[in-house]
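# Structure at a glance
Residues per chain, in single letters:
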Amino acid sequence: MTFSASGQFHTLGGIDELAERGAALIADDLEAAVQERGVFRLALSGGNTPRPVYERLTKKPYDSIPWDRVHVYFGDERMVPCDDPESNYRMACETLLDRVDIPPWNVHRMAGEINVEAAARLYERDLRDLATETGDPVPRLDLILLGLGPDGHTASLFPGTPALQEHTRLVCSVSLPETSEGAKHAVSRLTLTYPVLNAARRVVFLVSGSDKAAALERVRAGDESAPATRVRPHDGDLIWLVAES
Ligand code: 6PG
């Protein structure tokens with residue numbers, strides 16, 4: 001393990017070890033939060049890397065997780081119907097949410113099927129209601145899972161987009177140029193903004209693939225032109241689980 005301004009970096013052997021370590025870390029955080037506060041608020045990352053981590057949580061020894069105490073949010077969403085293969089919600093359901101006993105009202109889905117600005121306002125209201133409930137100025141999630149793109153993006157905070165400059169709103173719509181790294185999945189997206197990401201008790205990046213090496217180096221060097229570099233929880237932990245292969 002190495003430390004830098006960008007947090008604790010754990011370089012792992014491969015995706016199987018990432019799945020084991022990621023699931024264990026989530027389960028440990030969940031147990032501690034439920035014991036301390038009776039609830040665990042988790043934001044899931046999209047993309048492919050988290051799939052084996054979510055699937056691992058559906059197997060022993062995690063079969064005793066009190067899912068009724070867990071509230072699931074999303075770090076971002078592609079503006080597609082929830083049954084679209086590109087939907088992060090669909091991926092979360094396939095790998096985890098449809099396979100555990102989490103009450104449906106505990107799953108806070110971003111509405112990818114409606115007008116993007118209306119979806120942003122709806123999700124912002126949900127998060128503001130949470131902040132009011134907990135007495136925080138900004139909702140303080142217990143654990144936010146994030147990924148890293150080869151261009152240094154995280155969630156749907158992509159280089160050169162206005163959402164990077166958003167310091168008030170909690171949720172932003174994103175419209176990507178066709179040339180953007182993320183456009184191959186969806187040009188229209190929703191994303192949590194830095195105020196929410198940096199209010200978390202803990203942020204864990206789940207990273208896999210040799211195509212992320214350059215972006216990782218930029219983050220470790222503190223290069224703020226990589227959006228992921230600016231994820232620095234004000235009063236929380238920052239952990240990177242990196243599967244090199
Ligand atoms: C998305 C994700 C995105 C993802 C990275 C890494 O909706 O596309 O939220 O930020 O985490 O692109 O994706 P992989 O883990 O699949 O490489």
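What this report covers is the structure whose coordinates are included nearby.

About the criteria used
- Residues numbered from 1 in each chain as written.
- Predicted model: local features only at pLDDT ≥ 70, side-chain atom pairs only at ≥ 80, totals over all residues.
- Heavy atoms only, no water.
- Near = heavy atom within 4 Å.
- Polar contact = N/O pair within 3.5 Å; in protein donor to acceptor, adjacent residues only side chain to side chain.
- Areas by Shrake-Rupley, 256 points an atom, 1.4 Å probe, with all protein chains shown as cover.
- Nonpolar A, V, L, I, M, F, W, Y, C, P; charged D, E, K, R; others polar.
- Pairing = 2+ DSSP bridges.
- Helix = DSSP H or I, 4+ residues; strand = E, 2+ residues; numbered from the N terminus.
- Axes fitted to C-alpha atoms, helices over the stretch in contact; angles between N-to-C directions.
- Buried < 20%, exposed > 50% of the residue type's maximum accessible area, 1.4 Å probe, protein only.
- Contact = heavy atoms within 4.5 Å.
- Salt bridge = Lys/Arg side-chain N within 4 Å of Asp/Glu carboxyl O.

## What to know about the site of the ligand
The ligand sits among 15 residues. The nearest are Asn48, Thr49, His153, Ala155 and Lys212. Asn48 places a main-chain nitrogen or oxygen 2.7 Å from an oxygen atom of the ligand. Separating an oxygen atom of the ligand from a backbone N or O atom of Ala155 is a distance of 2.6 Å. The fraction of the free accessible surface of the ligand (420 Å²) that becomes covered by protein chains is 89%. A per-class count over the shell around the ligand returns two nonpolar, nine polar and four charged.

## Observations regarding the sheet that holds strand β7 (residues 171-175)
Read from one edge to the other, the open sheet built from three strands follows the order β5-β8-β7, with strand pairing classed as antiparallel. At either end of the open sheet lies a strand with only one pairing partner, and these are β5 (76-78) and β7. With strand direction ignored, the average angle separating the axes of adjacent strands in the sheet is 20°. Where β7 lies against strand β8 (residues 188-192), five bridges are found, and the strand directions are antiparallel. Bridged to Ser175 within β8 is Ser188.

## Description of the environment of Leu57
Within the secondary structure layout, Leu57 lies in the loop between α2 (51-56) and β4 (70-74). Note on Leu57: relative accessible area 1%, which makes it buried. Spatially, the C-alpha atoms of Leu57 and Glu17 are 13 Å apart, while their sequence positions differ by 40 residues. Leave out the neighbours within four places in its chain, and Leu57 touches Ala23, Ile26, Tyr62, Ile65, Trp67 and Leu96.

## A short note on the pattern of salt bridges
Two side chains of opposite charge can pair, provided their charged atoms sit close to one another. Overall, the coordinates contain 20 salt bridges when judged by the stated rule. The salt bridge involving Asp63 is made with Lys60; its shortest N-O contact spans 2.7 Å. Assessed through its relative accessible area of 63%, Lys60 is described here as exposed. Here Arg218 ties to Asp223 by a salt bridge, and the two come within 3.0 Å at their closest N and O atoms.

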